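Spelled out from the first residue to the last, the chains are:
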Amino acid sequence: MTQTLDEKAQVAVPDNRTDVEFDSDGVTLRGWYYRASGGGTAPTIVMSHGFAAVKEMYLDKYAEAFSAGGLNVLVYDNRNLGASDGQPRGEITPWQQIDDYRNAITYAETLPGTDPDRIGIWGSSYSGGHVLVVAAQDRRVKCVSAQVPVVDGDANFRQLVRADFVGGARDGFNADRRARFNGGAPAMIDVVNKDPMAPSALPTPDSYEWFIGTHELRAPSYVNSCTLRSVERFSEYQPGAYLRLIAPTPLLMCVASDDVLTPTKIAIDGFAEAREPKKLVVLPGGHFDAYVKGFEISSKVQLEWFRQHLMADASKEA
């Protein structure tokens, strides 16, 4: 997960990338559209980032790898974050983000070069849970890849929050709800904090290192705060309930061998609920290694999955 300041010089805008924006139920979402190498009509992958993260946090690297492999890619910032509109800022609501994925698919159908019968979706961490739900609900999706996904929000929350702190966290959620009822603004909380015992949404040392380090290196639009009710929504979220409904859409799940943020065992147990066709890949390292140190491995296996299921001639070209 080591990053260096030299990486700043490597972030350049490729020739095949265009800035785009589209409406999602009255909110303007903004992002990038990457045309596949070779031009013409090609499959399109729709992507957004995980909890509080913005697209500059390495989604450009995945999009470049996928487009070089013959896929169009639509990447966008989630509502209330980054370049996208929406209020309150820092509000992260899973069901709104799921609707935004589906509206992004609709927008992708209108883009030049898109084959609407060959659309795939990619998500990571929080959005890795979202794509499980979207793939189960929206049959326009013909292939899905979920990287280090949230599968069971309650179990995940109880792994991140010490047992003797859970009651206090619930009291805080209720106090925030009462304050909002009386006209107050939503309470805010750090996404990450250097002190893992301090209140934050993602209280692990590797979360702090990745979010703050990546913000300083390549993602100036990242803001280290979110609404407290975003954490409450996370603790209630159960995308794994949709795993059995994804088939016959092909599902790839990539989990990290030493993930302490979306714990490895929770994800693997959830994968067992999915029906065929499906594939499980265990990536080396922790939750954030897929984006940096393990990027070549994670991007390659996911590109191969999309090509296998969205490109009829992929096996001939391999």
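Residues numbered from 1 in each chain as written. Predicted model: local features only at pLDDT ≥ 70, side-chain atom pairs only at ≥ 80, totals over all residues. Heavy atoms only, no water.

## A closer look at the UniProt feature "domain: Xaa-Pro dipeptidyl-peptidase-like" (unreviewed entry) in the chain
What counts, and what does not: UniProt positions are given in the numbering used here, feature names are shortened, and annotations may be inferred rather than shown by experiment. Secondary structure counts use DSSP, requiring at least four H or I residues in a row for a helix and at least two E residues in a row for a strand, with both numbered from the N terminus.
Look at the UniProt record and you will see "domain: Xaa-Pro dipeptidyl-peptidase-like" (unreviewed entry) annotated at residues 25-163. The distance from the first to the last C-alpha atom of residues 25-163 is 39 Å, and the span holds 33% helix and 27% strand.

## With respect to the sheet that holds strand β2 (residues 27-34)
Test applied: DSSP calls a pair of strands paired once it identifies at least 2 bridges connecting them. Note on method: axes are straight lines fitted to C-alpha atoms, helices fitted across the in-contact stretch only, with angles between N-to-C directions ranging 0 to 180 degrees.
The mixed open sheet is built from eight strands, whose spatial order is β1-β2-β4-β3-β5-β6-β9-β10. A single partner strand is all that each edge strand has here, and the edge strands are β1 (17-24) and β10 (278-283). Neighbour-to-neighbour, the strand axes of the sheet open up by a mean angle of 20°, direction not taken into account. Bridge count for strand β5 (residues 114-124) against strand β6 (residues 141-147) is six bridges, and the pairing is parallel.

## Details of the layout of surface pockets
Quick note on the threshold: Cavity: a set of points on a 1 Å grid over the protein atoms alone where a 1.4 Å probe fits but cannot get out. Pocket: an open set with protein on both sides within 12 Å along at least five of seven lines, its lining residues, like those of a cavity, having an atom within 4 Å of a point. Grid points are joined across faces, edges and corners, and a volume is the space filled by probe spheres set on the points.
Taken as a whole, the largest pocket holds about 450 Å³ of empty space. Lining the largest pocket are 23 residues; nearest its centre among them are Val-161, Phe-165, Pro-199, Ser-200 and Pro-203. Of all elements in the fold, only α4 (153-160), α5 (163-181) and α7 (228-236) reach the threshold of two or more residues within the lining of the largest pocket. Among the elements that line the lining of the largest pocket, the one with the most residues is α5, at five residues.

## Quick word on empty space enclosed by the protein
How we decide: Under the grouping applied here, Gly and all other residues not named as nonpolar or charged are polar, the nonpolar ones being Ala, Val, Leu, Ile, Met, Phe, Trp, Tyr, Cys and Pro and the charged ones Asp, Glu, Lys and Arg.
In total, this model carries one cavity of 30 Å³ or more according to the counting rule given. Its boundaries defined by the atoms lining it, the largest cavity holds a volume of some 130 Å³. Phe-51, Ser-125, Leu-202, Leu-261 and His-287 are the residues nearest the centre of the largest cavity, which is lined by 18 residues in total. For the lining of the largest cavity, the secondary-structure elements that each account for two or more residues are α4 and α6 (205-218). Taken together, the residues that form the lining of the largest cavity break down as 12 nonpolar, six polar and no charged.

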